[in-house]
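# Observations on the three-dimensional arrangement
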Protein chains: 2
Amino acid sequence: MPAQHQPLIGILGGMGPQAGLDLASKVASETRAEIDQLHIPLVLFSVGDSIPDRTEFLLGHSETNPSAAIAHQFKKMAELGVSVAAMACNTAHAAPIFDSVKRKLARAGVDPTILHLIDETVAFIRSRYPELSKVGILGTRGTYQCELYDGPLRNAGLEPILPDPEIRNGTIHEAIFDPVSGIKSRSNPVSREARNRVFEAVEHLRGKGAELIVLGCTELPLAITNSHIDGVQLIDPTLIMARALIRATYPERLKP
Amino acid sequence: MPAQHQPLIGILGGMGPQAGLDLASKVASETRAEIDQLHIPLVLFSVGDSIPDRTEFLLGHSETNPSAAIAHQFKKMAELGVSVAAMACNTAHAAPIFDSVKRKLARAGVDPTILHLIDETVAFIRSRYPELSKVGILGTRGTYQCELYDGPLRNAGLEPILPDPEIRNGTIHEAIFDPVSGIKSRSNPVSREARNRVFEAVEHLRGKGAELIVLGCTELPLAITNSHIDGVQLIDPTLIMARALIRATYPERLKP
């Protein structure tokens, strides 16, 4: 659909919908383009109704691996001509899901480049903040259960700082999933309760020595748009992924 | 891609990208959904690089009707299973473009329901504000050239209030298209200059007697999120279309 033989970006969103839109919006905002025609072509699938909850699967509460639905959507994207794709969901990058998606696509003979949110984030931290090493992680229970960021951070010589269990299972989980005030239920605008819970978790990680904090669930940058809180640098993987998508397709249009 | 035999919404965006994302975001915000799986499935095409500028065509500055590129994208959407679609661009609904899109789709034997932004907006005004009749229109020069809102408003017994030529061709055009400060160039956040120009045009229409003002270019609600200015009700066609899309697919999930 873009001008012949040009790259097309695919964003697999819907996990939840505002997180996918946030990634697409950041691709547009990070692109040098004064007119519509200079913006980078992308398609966004926000078809979350058919993708089972990632955290429920990783915690063993559901036996349905969301990888089948995710791989199906990537196949449809490939048929449209998508050459570089990304998922707007940290938890979906846990190996039991992500590796299964890759295997399913390989079996189907489909092989779009799927950028990896966690790897891109860790590489960004390493190159941008070479003097810092203690990296706090905010994320879903599925993210902690699978140690999503732990291995990649350690492999890069960084030290993951994780919240205590009551903060993981209470404060952060409720900020994201509470059916009344959680970000998945109310993301535009986010509720004050959810925002306060995220701030509380940030303070907790800072108290444990975190020098940087990764907003490691794509719902979190919807609640917290600050770049710092009390001197701690916040890292937004969605923004990092938006820039990685541009760099992988139209690098000359990436804003400095 | 959604659960079998369920409706799938298609949003043709990219005109500009943030306007398409705004429509998708409003679909999510207007849906009752506490979890990702209850959100309405949609695909968004933001492939504006291949769609020629609508206003340039309508003003006769370009001979390329954007209808060919638009119809091609709707065909691709239909192949994905889209049943109800919409374009996030007022100007593209001008008859020389919209009617040509419909003819091309009919010739190709493709017939998704494409909701009409202008018709939906006029019907909303008529039913929601039965006591008001003078409707100011803010839009692109292409919109005025084609009298996009004039006929539909008059047919509904409403009186269009249009800005004077210097406001159309200066203030409003620059708010949208100025290469440095215009909304198409900087939409996240919008520049102060662009916002001030929109306010100036609103004041102008109010001075001409407008009781309601339609933000009749999908870039404008990115700049102005107020529902009123100085007692004049502002009408956001993007929000009206988001609700119309839900009503046409999953009406039971529409927020009151």
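Note that the structure is a prediction, hence the values are computed from the model and not measured.

Along its length, chain A carries 11 helices and 9 strands. On C-alpha atoms alone, chain A measures out to a radius of gyration of 18 Å, which is about the 18 Å that the 2.2 N^0.38 rule sets for 256 residues. For chain A, the spread of C-alpha atoms along the principal axes amounts to about 55 × 45 × 35 Å. Within chain A, contacts between residues at least 6 apart in sequence are counted, and of these 74% link residues at least 24 apart. Accessible area of chain A: about 9800 Å², with a carbon and sulfur share of 48%. One finds the centroid of the 26 positive side-chain charges in chain A at a distance of 3 Å from the centroid of its 29 negative side-chain charges.

Below, the discussion takes up the pattern of salt bridges. When charged atoms on two side chains of opposite charge get close, those side chains can pair. Applying the stated criterion across every chain, the model contains 20 salt bridges over all chains. With its nearest N and O atoms 2.6 Å apart, the salt bridge here joins Glu30 of chain B to Arg243 of chain B. Here Glu30 of chain B is found in the loop between helix H1 (17-29) and strand S2 (42-46), whereas its partner Arg243 of chain B is found in helix H11 (residues 237-249), with 213 residues between them in sequence. Overall, the relative accessible area of 17% leaves Glu30 of chain B in the buried class. Linked through salt bridges whose partners overlap, the residues forming this network are Asp36 of chain A together with Arg54, Lys184 and Glu219 of chain B.

Assignment of secondary structure puts Thr143 of chain A in helix H6 (residues 141-145). Owing to a relative accessible area of 3%, Thr143 of chain A belongs among the buried residues under this scheme.

Time to look at H1 of chain B. Residues separated by three or four positions in an α-helix point in the same direction, a consequence of the helix having 3.6 residues per turn. When the terminal C-alpha atoms of H1 of chain B are compared, their 18 Å separation across 13 residues agrees well with the 18 Å that a helix rising 1.5 Å per residue should span. Within H1 of chain B, 13 of the 13 residues are buried, leaving the element largely enclosed by the surrounding structure.

This part takes up the environment of Asp178 of chain A. All names here are of chain A. Position of Asp178 relative to the elements: it lies in the loop between helix H8 (165-177) and helix H9 (192-207). Residues Asp178 and Ala194, 16 residues apart in the sequence, show an inter-C-alpha distance of 8.5 Å. At 2.9 Å, the side chain of Asp178 forms a polar contact with the backbone nitrogen of Ser181.

This part takes up the sheet that holds strand S1 (residues 9-12) of chain B. Pairing is mixed in the open sheet, where 8 strands are placed in the order S4(A)-S3(A)-S1(A)-S2(A)-S2(B)-S1(B)-S3(B)-S4(B). Each edge of the sheet is formed by a strand with only one pairing partner; in this case those strands are strand S4 (113-114) of chain A together with strand S4 (113-114) of chain B. When strand S1 (residues 9-12) of chain A meets strand S2 (residues 42-46) of chain A, the two strands line up parallel, connected through 4 bridges. Paired with Gly10 of chain A across the bridge in S2 of chain A is Val43 of chain A. Sitting on the sheet, helix H3 (residues 67-80) of chain B is in contact with S2 of chain A together with S1, S2, strand S3 (84-87) and S4 of chain B, with an inclination near 160° to S1 of chain B.

Let us now look at the interface of chain B and chain A. The partner chain A presents 42 residues to the 42 residues of chain B that form the contact. Inspection of the region where chain B meets chain A yields 4 salt bridges. Asp36 of chain B is the salt-bridge partner of Arg54 of chain A, the closest N and O atoms lying 2.8 Å from each other. At the boundary of chain B and chain A, one finds 13 residue pairs in polar contact (both at pLDDT 80 or more). For the side of chain B that touches chain A, the leading source of residues is H1 of chain B, giving 7 residues. Grouping the amino acids of the side of chain B that touches chain A by side-chain chemistry returns 21 nonpolar, 14 polar and 7 charged. By the bridge criterion, 5 bridges tie S2 of chain A to S2 of chain B in an arrangement that is antiparallel. Bridge pairing links Leu42 of chain A to Ser46 of chain B in S2 of chain B.

Residue and element names in this part refer to chain A. For chain A, the assigned domains are domain 1 (9-116 + 240-253) and domain 2 (117-237). Averaged C-alpha coordinates put domain 1 and domain 2 at centres separated by 20 Å. The interface is formed by 24 residues belonging to domain 1 together with 28 residues belonging to domain 2. Both faces considered, domain 1 and domain 2 share a buried interface measuring about 2000 Å² in area, 58% of it formed by carbon and sulfur atoms. Among the residues domain 1 hides against domain 2, the three largest losses belong to Asn90, His116 and Ile240. Together they make up 37% of the total. Applying the counting criterion to the domain 1 and domain 2 interface returns 1 salt bridge. As a salt-bridge pair, Lys26 and Asp236 come within 2.7 Å of each other at their nearest N and O atoms. Linking domain 1 to domain 2 there are 14 residue pairs in polar contact (both at pLDDT 80 or more).

This part takes up the relation of the copies chain B and chain A. When chain B is brought onto chain A, the operation consists of a screw motion whose angular component is 180° and whose axial shift is 0.0 Å, with 0.0 Å RMSD remaining. In the structure described here, the two chain copies are related by an operation that fits a two-fold rotation axis. Across chain B, the smallest distance between a C-alpha and the rotation axis is recorded for Leu44 of chain B, namely 2.6 Å.

Before going further, it helps to spend a moment on the pairing of strand S7 (residues 212-215) of chain A. All names here are of chain A. Of the two faces of S7, both are covered, the one formed by Leu212 and Val214 as well as the one formed by Ile213 and Leu215. Pairing between strand S5 (residues 134-138) and S7: 4 bridges, direction parallel. Along S7, the bridge assignment pairs Ile137 with Val214. Inspection of the sheet shows S7 paired to strand S9 (residues 232-235) by 3 bridges, in the parallel sense. Bridge assignment links Val214 to a residue of S9, and that residue is Ile235.

With that out of the way, let us pick up helix H4 (residues 95-107) of chain A. Residue and element names in this part refer to chain A. Counted at 1.5 Å a residue, the expected span for H4 with its 13 residues is 18 Å, and the 17 Å between its end C-alpha atoms agrees. When we look at burial in H4, the residues that qualify are Ile97, Phe98, Ser100, Val101 and Leu105. Looking straight down H4, one finds its buried side chains confined to an arc of 165°; they lie on one side. For H4, exposure combined with an orientation more than 90 degrees from the buried face picks out Ala106 and Arg107.

How each quantity is defined
Residues numbered from 1 in each chain as written. Chains lettered and ligands numbered in written order. Predicted model: local features only at pLDDT ≥ 70, side-chain atom pairs only at ≥ 80, totals over all residues. Heavy atoms only, no water. Helix = DSSP H or I, 4+ residues; strand = E, 2+ residues; numbered from the N terminus. Rg over C-alpha atoms; globule rule 2.2 N^0.38 Å. Contact = heavy atoms within 4.5 Å. Areas by Shrake-Rupley, 256 points an atom, 1.4 Å probe, with all protein chains shown as cover. Lys, Arg positive; Asp, Glu negative; His and termini not counted. Charge placed at Lys NZ, Arg CZ, Asp CG, Glu CD. Salt bridge = Lys/Arg side-chain N within 4 Å of Asp/Glu carboxyl O. Buried < 20%, exposed > 50% of the residue type's maximum accessible area, 1.4 Å probe, protein only. Expected span 1.5 Å × (residues − 1). Polar contact = N/O pair within 3.5 Å; in protein donor to acceptor, adjacent residues only side chain to side chain. Pairing = 2+ DSSP bridges. Axes fitted to C-alpha atoms, helices over the stretch in contact; angles between N-to-C directions. Nonpolar A, V, L, I, M, F, W, Y, C, P; charged D, E, K, R; others polar. Domains from an automatic or database assignment. Buried area = accessible area lost by both parts, 1.4 Å probe. Least-squares fit on C-alpha atoms with pLDDT ≥ 70 in both. Arc of directions from axis to C-beta.

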